[in-house]
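Single-letter residue listing:
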Amino acid sequence: MAGRVAIVTGAGRGLGRAMALGLARAGVRVVATAAREWAEVEQVATEIRGEYDEERVLPLLADVTREADCERVVSAALQHWQRLDILVNNAGRGMKYVSERFLTEPTRFWEVTPETWRMVIETNVNGPFLMARAAVPHMLAAGWGRIVNISMNHETMRRRGFSPYGPSKAALESETVIWAQDLEGTGVTVNALLPGGATLTGMIPHDLDEHIRAQLLDPKVVVAPLLWLASPAADHINGRRLLANCWRDDDPAAFGDAGWGG
């Protein structure tokens, strides 16, 4: 992994922060983005810079819903390190934008404002498309690349009151399958990685019951499987849906393949 270059969107907190730190600690140079919270992504960069003498991180403010921002992030990686190997589509908007009480008081789909619906779909569905569209030509030219789309459990996609978050992640999984087929045989792969359960991230309400909060997965659960998935050892893995909490060091190729139907 040393010397490779990755983009991690939504890297200021939660899963994105854990993945940016994990990749940097594996020797990967990371472009870490956030849409608005510069202080968060800069803190991630400060932490990485404090651990290594060499430059391993480039923090950027960029909104994945804007085509120009996505192209700028890819250009920054290429200008800074002359290559781009890995794209982690992690930036997302969750149900707290619909209601802070979404876990206890489901909002019916017709009660969601059109503005909120568009925001979630723009970020969770269109954002990965715009980022992948900007990155893939450079990966194809290099003959190797990784796109990892961060997904979630099918149960959550189907959960009452989880519009538009559930539909947005279902669309992302469709994107994953189709893009993997489009890229078959090119050296560039596309896979979905999901924690395998509710995770302690910025999408969780601040007033969540402490007993429930204690049961949430640590965002670091995705780091080990991500590092394997982004390495040459996973060259044959394409179009898969992989559960991070089922990761096995002794048999990584078999870990947690949830399939697309369950």
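Everything numeric in this text was worked out from a predicted model, so none of it was measured.

Novice: What am I meant to see in helix H6 (residues 165-182) here?
Specialist: Side chains that are three or four residues apart share a direction in an α-helix, a result of its 3.6 residues per turn. Taking 1.5 Å per residue, 18 residues should reach 26 Å; H6 reaches 26 Å between its end C-alpha atoms and fits that length. All buried positions along H6 are accounted for by Tyr165, Gly166, Ser168, Lys169, Leu172, Glu173, Glu175, Thr176, Trp179 and Ala180. Looking at the buried positions of H6, the neighbouring elements they touch are helix H4 (114-142), strand E5 (145-150), helix H5 (154-157), strand E6 (188-194) and strand E7 (241-243).

Novice: I keep staring at the side chain of Arg146 and nothing clicks. Help me out?
Specialist: Mapped onto the secondary structure, Arg146 falls in strand E5. A polar contact is formed between the side chain of Arg146 and the backbone oxygen of Ser231, at a distance of 2.9 Å. Each residue touching Arg146, except ones within four places of it in the same chain, is listed here: Asp85, Ile86, Leu87, Met139, Gly187, Thr189, Leu229, Ala230, Ser231, Pro232, Ala234 and Asp235.

Novice: Help me understand the pairing of strand E1 (residues 5-8), please; the structure alone is not making it clear to me.
Specialist: Each regular strand carries side chains that alternate between the two faces of the sheet. Both faces of E1 are covered, namely the face carrying Val5 and Ile7 and the face carrying Ala6 and Val8. Bridge analysis of E1 against strand E2 (residues 29-34) gives four bridges, and the strand direction is parallel. The residue of E2 that forms the bridge with Val8 is Ala32. One crossover worth recording links E1 to the parallel E2 by way of helix H1 (residues 14-25), and it is right-handed.

Novice: Help me understand unusual backbone geometry, please; the structure alone is not making it clear to me.
Specialist: Trans is the common state for peptide bonds, and a negative phi is the common state for residues other than glycine. Along the chain, Ser163 connects to Pro164 via a cis peptide bond; the corresponding omega equals 5 degrees. With respect to the helices, strands and loops of the structure, Pro164 is situated in the loop between H5 and H6. Phi angles above zero are rare outside glycine, and Gln82 is one such case at about 65 degrees. Taking the relative accessible area as the measure of exposure, Gln82 reaches 60% and is therefore exposed.

Novice: Could you clarify how one ought to interpret the nonpolar core in this entry?
Specialist: Across soluble globular proteins, nonpolar side chains have a tendency to be buried as a group. If you look at the biggest cluster of nonpolar residues, it comprises 32 residues, and the most contacted ones within it are Val30 and Leu193. Counting residues per element, the ones that place at least two in this core are E1, H1, E2, helix H2 (38-51), strand E4 (86-89), E5 and helix H8 (223-229). Per-element accounting of this core gives the leading share, six residues, to H1.

Novice: Sorry if this is basic, but what is going on with the sheet that holds strand E3 (residues 57-61) here?
Specialist: Hydrogen bonds between backbone atoms are what pair the strands of a sheet, whose relative direction is either parallel or antiparallel. Sheet architecture is open: seven strands sit in the order E3-E2-E1-E4-E5-E6-E7, paired in parallel fashion. Here the strands that pair on one side only, and so sit at the sheet edges, are E3 and E7. Pairwise comparison of adjacent strand axes, ignoring direction, gives a mean angle of 20 degrees for this sheet. Sheet analysis places E2 next to E3, joined by five bridges and oriented parallel. Each residue of the ladder has a partner; that of Val30, found in E3, is Val57. Packing of H2 onto the sheet brings it into contact with E2 and E3, and relative to E3 it is tilted by some 175 degrees. Helix-sheet contacts for H4 involve E1, E4, E5 and E6, and the interaxial angle to E4 is about 170 degrees.

Novice: Honestly, the pattern of salt bridges in this entry has me stumped. Any pointers?
Specialist: Any two side chains of opposite charge can pair if their charged atoms end up close together. Using the criterion set out here, one finds 15 salt bridges in the structure. A salt bridge links Glu105 to Arg101, with the nearest nitrogen and oxygen atoms 3.2 Å apart. Owing to a relative accessible area of 43%, Glu105 belongs among the partly exposed residues under this scheme. For Arg241, the salt bridge goes to Glu173, with nearest N and O atoms at 2.6 Å. Residue Arg241 is located in strand E7, and its partner Glu173 is located in helix H6; the two are separated by 68 residues in the primary sequence.

Novice: Would you mind going over the packing of aromatic side chains with me for this structure?
Specialist: Here the distance between the centres and the angle between the planes together describe a pair of aromatic rings. One pass over the structure, following the stated rule, counts two aromatic pairs. Between Phe109 and Trp110, the ring centres sit 5.2 Å apart and the planes meet at 90 degrees, which makes this aromatic pair edge-to-face. For Trp110, a relative accessible area of 56% puts it in the exposed group. Each ring, one from Trp228 and one from Trp247, has its centre 6.1 Å from the other, and the planes form 50 degrees; the classification is tilted. Of this pair, Trp228 sits in helix H8 while Trp247 sits in the segment after E7, and the two are 19 residues apart along the sequence. Judged by its relative accessible area of 11%, Trp228 is buried. Stacked on the ring of Trp144, the Lys or Arg Arg4 has its end atom at 4.0 Å from the ring centre. Note that Arg56 overlies the ring of Tyr52, its terminal NZ or CZ placed 3.7 Å from the centroid.

About the criteria used
- Residues numbered from 1 in each chain as written.
- Predicted model: local features only at pLDDT ≥ 70, side-chain atom pairs only at ≥ 80, totals over all residues.
- Heavy atoms only, no water.
- Helix = DSSP H or I, 4+ residues; strand = E, 2+ residues; numbered from the N terminus.
- Expected span 1.5 Å × (residues − 1).
- Buried < 20%, exposed > 50% of the residue type's maximum accessible area, 1.4 Å probe, protein only.
- Contact = heavy atoms within 4.5 Å.
- Polar contact = N/O pair within 3.5 Å; in protein donor to acceptor, adjacent residues only side chain to side chain.
- Pairing = 2+ DSSP bridges.
- Right-handed = clockwise from strand over helix to strand, strands pointing away.
- Core = buried A, V, L, I, M, F, W, Y, C linked by side-chain atoms within 4.5 Å.
- Axes fitted to C-alpha atoms, helices over the stretch in contact; angles between N-to-C directions.
- Salt bridge = Lys/Arg side-chain N within 4 Å of Asp/Glu carboxyl O.
- Phe/Tyr/Trp six-rings, centres within 6.5 Å; stacked < 30°, edge-to-face > 60°.
- Lys NZ or Arg CZ within 6 Å of the ring centre and 35° of its normal.

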